[in-house]
Amino acid sequence: MAPMSLCMTGGTSTLRLCGSAGRLSGSAAHWLPLRRLALSTWYGAGMKSVSATQGRTIASSAAAEPLARGGNEGAPAGSEQQQPQQHGAIEIVVGPMFAGKTTELLRRVASYEAAGLRVAVVKSNKDDRYCAANVVTHDGLRRPCFASPSLAAFKEAAGAAYSGFQVIAVDEAQFFPDLQEFCTHAADHEHKRVVLAGLDGDFQRQRFGQVLDLLPLADSVTKLSARCKFCAQEERHVAAVFSLRITADSRQEVVGGADVYAPVCRRHYVQLSQVREVPLSSSDEA
Ligand SMILES: Nc1ncnc2c1ncn2[C@@H]1O[C@H](COP(=O)(O)OP(=O)(O)O)[C@@H](O)[C@H]1O
Ligand SMILES: Cc1cn([C@H]2C[C@H](O)[C@@H](COP(=O)(O)O)O2)c(=O)[nH]c1=O
């Protein structure tokens, strides 16, 4: 079994497979073709990132490097022989609101494009906060995208262009009803690299959509943190790991920004989510 490592950088933890063919032991070593495994484990290596709380610089990632070489490590230079197929992969970026998930998604998109790959960016059409046809970060970075109710609808809208995309970047992943099925098929059978950004939990810290279902299928999982809004008011910088809803709406899906949510640390989540429950339950009784 390939070992897992938890790499901490500031407010960010990156959980990634860091096995190598040489370190394989047990039954997997008997049936996995070693060369294929060596290539696929190399893809995820070297990923590093820092949290939104640490500013706008997100450390460079080596994730695009192998792909920059076309994923064709086995072919001799200038060879006319058929190139090996690109390997599929699933990268997941999670965290509370305002943690920099979309920023990180766009950084990876730019990195893959710089490596010469064709990238499609998709977001849920439920997210109409800043612009219907763009992925937009809370601080205004933007990029045109497909806005779709489902990933099947995106595939249909892309039409013939779909097969040319080597990377599919999905923002607001928690809103897609067919996330697991689409990503699994795209990575396993269409050999695409799928990069997802989304909430792992809702305002009640419950699973949100299908993001968590993809963890066992992912090549890398990066959890980002934001900065606790209430600690910041006390001039303390504390990592925010939860999204607190500051309105009295109890539906799971409520699209919004700083008017509806605040990033909070554990202490403030516990304190303030209980406060929030009082007006909710008294109004429920009325
Ligand atoms: N009210 C706010 N609270 C916290 N961060 C904010 C707020 N408004 C803008 N930002 C900025 O948003 C950036 C993160 O945006 P984004 O990548 O869209 O986050 P996410 O996708 O995780 O919600 C942060 O670096 C921060 O500078
Ligand atoms: C916590 C929480 C969030 N949402 C919505 C609010 C926003 O529209 C998105 C998250 O956007 P971001 O890019 O991560 O800032 O999800 C929701 O519907 N329900 C929730 O509990």
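Fair warning: this is a prediction, and the values are worked out from it, not measured in the lab.

**Some thoughts on the confidence of the model for the chain**
- Per-residue confidence for the chain averages 76 on the pLDDT scale, and 66% of its residues sit at or above 70.
- In this model, residues 1-80 is a region of pLDDT below 50 whose contacts with residues beyond four sequence positions or in other chains number 129 contacts.

**Points about the site of ligand 2**
- Taken together, 16 residues form the shell around ligand 2, and within it Met 97, Asp 202, Phe 203, Ser 243 and Val 255 come nearest.
- Each residue belonging to the shell around ligand 2 can be placed in one class, and the counts come to 6 nonpolar, 4 polar and 6 charged.

**Some points on unusual backbone geometry**
- Backbone geometry at His 191 places phi at a positive 60°, although glycine is not the residue there.
- Under the C-beta neighbour-count criterion, His 191 is labelled partly exposed, with 14 such atoms within 10 Å.
- With a phi close to 60°, Glu 235 is a non-glycine residue in the positive phi region.
- Secondary-structure assignment places Glu 235 in the loop between helix 7 (229-233) and strand 12 (239-240).

**What to know about the site of ligand 1**
- Taken together, 15 residues lie near ligand 1, and Lys 101, Thr 102, Thr 103, Thr 137 and His 138 sit nearest.
- No other element matches the 3 residues that helix 4 (residues 101-114) contributes to the shell around ligand 1.
- When the residues that make up the shell around ligand 1 are grouped by side-chain class, the tally is 7 nonpolar, 6 polar and 2 charged.

**Some points on the nonpolar core**
- Ile 92, Val 122, Ile 168, Ala 169, Cys 183, Val 194 and Leu 196 are the most contacted members of the largest nonpolar core, which totals 58 residues.
- Filtering out sequence-adjacent residues up to four positions away, Val 194 remains in contact with Ile 90, Ile 168, Val 170, Cys 183, Ala 186 and Ala 187.

**Topic: the pairing of strand 4 (residues 119-124)**
- Most of strand 4 sits out of view: 5 of its 6 residues are buried.
- Here 5 bridges tie strand 4 to strand 8 (residues 167-171), and the two strands are oriented parallel to one another. If you follow Val 119 over to strand 8, its bridge partner there is Val 167.
- Bridging between strand 4 and strand 7 (residues 146-148) involves 3 bridges; their strand directions are parallel. Within strand 7, the residue paired with Ser 124 across the bridge is Ser 148.

**Focus: the pairing of strand 9 (residues 193-198)**
- Where burial is concerned, most of strand 9 is hidden: 6 out of the 6 residues are buried.
- Neither face of strand 9 is left uncovered, since the one carrying Arg 193, Val 195 and Ala 197 and the one carrying Val 194, Leu 196 and Gly 198 both have all their residues buried.
- Alignment of strand 3 (residues 89-94) against strand 9, held across 6 bridges, turns out to be parallel. Bridging from a neighbouring strand, Ile 92 pairs with Leu 196 of strand 9.
- One ladder, built from 4 bridges, connects strand 8 with strand 9; its direction is parallel. Bridged to Val 170 within strand 9 is Leu 196.
- For the handedness criterion, the β-α-β arrangement of strand 8, helix 6 (residues 179-188) and strand 9 is classed as right-handed.

**Thoughts on helix 5 (residues 151-158)**
- Of all the positions in helix 5, only Leu 151, Phe 154 and Lys 155 are classed as buried. Relative to the axis of helix 5, the buried residues are bounded by an arc of 100° and lie together on one face.

**Some remarks on helix 4**
- In this model helix 4 runs 20 Å from its N-terminal to its C-terminal C-alpha over 14 residues, within 8% of the 20 Å that 1.5 Å per residue would give.
- Of all the 14 residues making up helix 4, 11 are buried; the element is thus mostly covered by neighbouring parts of the structure.
- Those residues of helix 4 that sit buried are Lys 101, Thr 102, Thr 103, Glu 104, Leu 105, Leu 106, Arg 107, Arg 108, Val 109, Ser 111 and Tyr 112.
- A positive phi of about 90° marks Gly 116, the residue just after helix 4.

**Things to note about the environment of Pro 263**
- Checked against the element boundaries, Pro 263 lands in strand 14 (residues 261-264).
- Beyond its immediate chain neighbours, meaning those up to four positions away, Pro 263 contacts Pro 96, Met 97, Phe 98, Ala 99, Ala 226, Arg 227, Cys 228, Lys 229, Ala 240 and Ser 243.

Conventions we followed
Residues numbered from 1 in each chain as written. Chains lettered and ligands numbered in written order. Predicted model: local features only at pLDDT ≥ 70, side-chain atom pairs only at ≥ 80, totals over all residues. pLDDT = per-residue confidence, 0-100. Contact = placed C-beta atoms within 7 Å. Near = placed C-beta within 6 Å. Nonpolar A, V, L, I, M, F, W, Y, C, P; charged D, E, K, R; others polar. Buried ≥ 20, exposed ≤ 12 C-beta atoms within 10 Å, placed from the backbone. Helix = DSSP H or I, 4+ residues; strand = E, 2+ residues; numbered from the N terminus. Core = buried A, V, L, I, M, F, W, Y, C linked by C-beta atoms within 7 Å. Pairing = 2+ DSSP bridges. Right-handed = clockwise from strand over helix to strand, strands pointing away. Arc of directions from axis to C-beta. Expected span 1.5 Å × (residues − 1).

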